[in-house]
Every structure is written in C-alpha cells, then in structure tokens.
Amino acid sequence: MPRRRPFSARAGRPVASAVLALATGAALLATAAPAGAAAPPKYPAGNVGKALENFFNSPGRVAGANDWNCRPSREHPTPVVLVHATFVNQGANWAVLSPMLANAGYCVYAFNYGMAPISADRIGGLGDIGVSASVMSAFVDKVLARTGARRVDVVGHSQGGLMPGYYIKRLGGAAKVRRFVALSPSNHGTTMLGLVNLGKQLNLLGFANDTLKAVGAPALVQQEEGSAFQKTMFAGGDTVPGPSYTVIQTKNDLVVTPYTNAFLKGPDVTNILIQKQCPQDYVGHVGMFNDGPVLQNVLNALGPAERRFRPVCTGYGLPV
C-alpha cells in the first residue's frame, strides 16, 4: 500500500484481567521483564489517543494487522477480518482490538472501504454499501489464499457490522465466514434520534438524501431506517445458514436509534445488551471500540463462545 502523507495537524478464554489490560490500554510494559517471566506482547496496547493519531497519520495501517506471513495456529486456526465504521478508517477503529488479537495469537487483517472524493483517504464508509461488500469479498479471498484457511471470522463496528451481512447474504460470503461479531451495527437502520422521521414530515428528506448521494456518501442514505437498501438487505430474513452471528449493543447508542435496531433475528444469533451484563457501563456508539466488557465479549464470541459468559465490569469505553 503506498505511503500517505500525514496531515500537518497532528488516535480456551483469555484471563479476564489480561484482556481488560489490553482493551483499555492499561497494560504498560516494564523496560525489562524479570527472569523467567512471559515474553512481553509483540504490539503495544492501543488506546483512544492512538486511535486519534492513527486517524490522521496511519489511516491504512494498524498495529497487529495485515502480516501476510502470518500462519494460523492450532489454538486460533481462523483468521480475523476487522471492518471499520462509517466516517473512520482501519487505523482509528481498530487501534485497541487489532493489537490485542495479534498478541493473543490470532492472524488479524483489516482494510478500508467506501472512500469518496471528500474522504481525504481517511473518512471511510461513505460509498455504496454493495460496492463496499465487493471490496470485502476480494479482501477475504486474499486472506484465505494467503493463510490457507477455509473461513474467516469477522468483527465489525457500526456500518462494519452491517456491510459484511450484505457480503454474507448476497455475495457468497456465507460459505467463507465462520463467526460474525458486530458492535453496535446499523442493521435495521437508524432514525438518527428522530431526524429521519422529521425530514419525512417536512418533505426535506429527499433533498437531504440527494445531496448526500451527490457528494459521494450514499451509505448514509442506505443506513436510514426504512431505506430501499434496508428492505432489500433483509428481505427473506435477517440471517442465512452458515455463520454464527453475535451482536453486541449498548442502550446508550445515539447513532443507531432506536438501539434495538442493531439486533438480529435468526436461529444462530446471540444478541448481547452490554448493560445487562454491566449496568454501570456508560459506553456509547463510538466507544464500543475501546470498552473493556465489549472487547471481552468479542474474544469470547471468537472462541470459546460460552453462552453464559460474563465480562469483568471495568475499563469502560467512551460515552459517545
């Protein structure tokens, strides 16, 4: 991938305590490990500051991801593909989870999609969702070819929890995805706190949608509740046979509204409301990427997928 010029204005189940330390960026390594101690993690733990830094300076790279020489291990035989949210990129969205998974022994991969002329190579997830799903399809095929694996696991955030569903349902991805874990996905669209419905009542929604399409951001229109894309996407049901689906959502989501629109129905679906596990967790839609309980649930969903799993309630993410 060509190097981009940075902006001038400068982001078995693991032991719970270790998971949280990585998830919140609290595991600060000593300068030298004592004799006989376990080797330090290969990648430094990420945090919010690293995510912000990556957004500007490393939009196409994130620590722990895209080592094309990685070979899946017996403990973690399935590569993990990370799919970012709208308005961000892989460097920002996965600054915490990517190094965590790589340090745990996973082969991790991430890509950018949905870039538009207004994106400045940093603001992703704007383009047509079907086209983005085609980009994902080619990327997954590359991961499978390079690793020799039969299937991948997918972890996505927001639109990254919706778009792979299109790939799975419409582009043959069901045979290539083992587990699909979605964080606050925009599955059944959003009312944007009622703005979509207000726009309809004032006869302004059509103009707003035409403007978004004109500037190269049709994905914003497609994620509106009741959009033509939504109706096509979920015709015939929310899921298809093959992958297992896990949705992790917060009741404090102010982007996907109502928050229940994130959830799926189907025979192999696990819907998790994070406040049922940790009532005091104030995490919002954006903060899912660095929330301790959320990331513990991700690791459990990837394996061993214990149905009665309960995270340690600490290390909460951003409240936005």
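The chain is annotated in an unreviewed UniProt entry as Lipase of Actinomadura macrotermitis.

Asker: Mind showing me how you'd approach the overall build of the chain here?
Answerer: Regarding its fold elements, the chain presents twelve helices and six strands. Sorting the 320 residues of the chain into buried and exposed places 52% on the buried side. Only carbon and sulfur atoms are counted for the fraction: they give 58% of the accessible area of the chain, which is about 14,600 Å².

Asker: What's the story with the sheet that holds strand β4 (residues 177-183) in this structure? I'm lost.
Answerer: Across a sheet, paired strands are connected by hydrogen bonds in the backbone, their directions being either parallel or antiparallel. One open sheet accounts for six strands, arranged β2-β1-β3-β4-β5-β6; its pairing is parallel. Looking at the sheet topology across the chains shown, the edges are occupied by β2 (108-111) and β6 (269-273). This sheet shows a mean twist of 15° between the axes of neighbouring strands, independent of strand direction. In this structure, strand β5 (residues 244-249) lies alongside β6, joined through five bridges in parallel fashion. Bridge pairing in β6 links threonine 246 to threonine 270. Along the sheet face, helix α5 (residues 129-147) touches β1 (80-83), β2 and β3 (152-157) and points at about 155° away from the line of β2.

Asker: Even after reading the chapter, I still don't get α5, so can you show me in this structure?
Answerer: An α-helix turns once every 3.6 residues. As a result, residues three or four positions apart point the same way. Over its 19 residues, α5 extends 27 Å from the first C-alpha to the last, a length consistent with the 27 Å expected when each residue adds 1.5 Å. Among all positions in α5, only Ile129, Gly130, Ser132, Ala133, Met136, Ser137, Phe139, Val140, Val143, Leu144 and Thr147 are buried. Where the residues of α5 are buried, they touch β1, β2, β3, α6 (163-170), α9 (218-222) and α10 (228-233). Structurally, the start of α5 carries an N-cap: the backbone nitrogen of glycine 130 is 2.9 Å from a side-chain oxygen of aspartate 128. At the exit of α5 stands glycine 148, carrying a positive phi of roughly 80°.

Asker: I keep staring at the side chain of histidine 157 and nothing clicks. Help me out?
Answerer: Mapping histidine 157 onto the fold places it in strand β3. A relative accessible area of 4% places histidine 157 in the buried class. A distance of 3.1 Å separates the side chain of histidine 157 from the side chain of asparagine 93, its partner in a polar contact. A polar contact of 2.9 Å, which involves the side chain of histidine 157, links it to the backbone oxygen of histidine 285. Dropping the residues within four chain positions of it, histidine 157 is found in contact with Val83, His84, Ala85, Asn93, Trp94, Leu183, His285, Val286, Met288 and Phe289.

Asker: I would appreciate a short explanation of the confidence of the model for the chain in the present structure.
Answerer: Keep in mind that low pLDDT regions are not for reading the predicted coordinates in detail. Averaged over the chain, the pLDDT score is 90; the fraction of residues at 70 or greater is 88%. Per-residue pLDDT stays below 50 along residues 1-36; that stretch engages in 60 contacts with residues further than four places along the chain or on separate chains.

Asker: Got a minute to help me understand the packing of aromatic side chains in this structure?
Answerer: The geometry of an aromatic ring pair is captured by the separation of the ring centres together with the interplanar angle, meaning the angle of the planes. Scanning the entire structure with this criterion turns up eight aromatic pairs. Between tryptophan 68 and phenylalanine 139 the ring centres are 5.8 Å apart and the planes differ by 70°, which places this aromatic pair in the edge-to-face class. One end of the pair, tryptophan 68, is in the loop between α2 (48-57) and β1; the other, phenylalanine 139, is in helix α5, with 71 residues separating them in the sequence. Phenylalanine 139 shares its class with tryptophan 68; the two are buried. Aromatic pair phenylalanine 111 and tyrosine 113: ring centres 6.0 Å apart, planes at 45°, arrangement tilted. Under the relative-accessibility criterion, phenylalanine 111 is labelled buried at 5%. An aromatic cluster of at least three residues, connected via ring pairs, comprises Trp68, Tyr109, Phe111, Tyr113 and Phe139. The aromatic ring of tryptophan 68 is capped on one face by lysine 142, whose charged end is 4.3 Å from the ring centroid.

Asker: Hey, could you run me through the packing of α5 against α6 in this one?
Answerer: Think of two packed helices as two axes; the pair is described by the angle between the axes and how far apart they sit. It is the contact of α5 with α6, at a shortest axis distance of 8 Å, that shows an interaxial angle of 75°. Between α5 and α6, the angle is such that the two are roughly perpendicular. Contacts from Ile129, Gly130, Ser132, Ala133, Met136, Ser137 and Val140 in α5 reach Met163, Pro164, Tyr166 and Tyr167 in α6.

Asker: Please explain the nonpolar core as it appears in this structure.
Answerer: Generally speaking, a soluble globular protein has its nonpolar side chains buried in company with each other. Core analysis: the biggest nonpolar cluster contains 37 residues, and Val81, Val83, Tyr109, Phe111, Met136, Val152 and Met163 have the highest contact counts within it. Among the elements that make up this core, the one with the highest residue count is α5 (seven residues). Discounting residues that sit within four places of it in the chain, methionine 163 has contacts with Val83, Phe111, Tyr113, Ile129, Ser132, Ala133 and Met136. Tyr43, Val155, Val181 and Leu299 belong to the second largest nonpolar core, which has 31 residues in total.

Scoring rules and cut-offs
- Residues numbered from 1 in each chain as written.
- Predicted model: local features only at pLDDT ≥ 70, side-chain atom pairs only at ≥ 80, totals over all residues.
- Heavy atoms only, no water.
- Helix = DSSP H or I, 4+ residues; strand = E, 2+ residues; numbered from the N terminus.
- Buried < 20%, exposed > 50% of the residue type's maximum accessible area, 1.4 Å probe, protein only.
- Areas by Shrake-Rupley, 256 points an atom, 1.4 Å probe, with all protein chains shown as cover.
- Pairing = 2+ DSSP bridges.
- Axes fitted to C-alpha atoms, helices over the stretch in contact; angles between N-to-C directions.
- Contact = heavy atoms within 4.5 Å.
- Expected span 1.5 Å × (residues − 1).
- Polar contact = N/O pair within 3.5 Å; in protein donor to acceptor, adjacent residues only side chain to side chain.
- pLDDT = per-residue confidence, 0-100.
- Phe/Tyr/Trp six-rings, centres within 6.5 Å; stacked < 30°, edge-to-face > 60°.
- Lys NZ or Arg CZ within 6 Å of the ring centre and 35° of its normal.
- Parallel < 35°, antiparallel > 145°, perpendicular 65-115°, else oblique.
- Core = buried A, V, L, I, M, F, W, Y, C linked by side-chain atoms within 4.5 Å.

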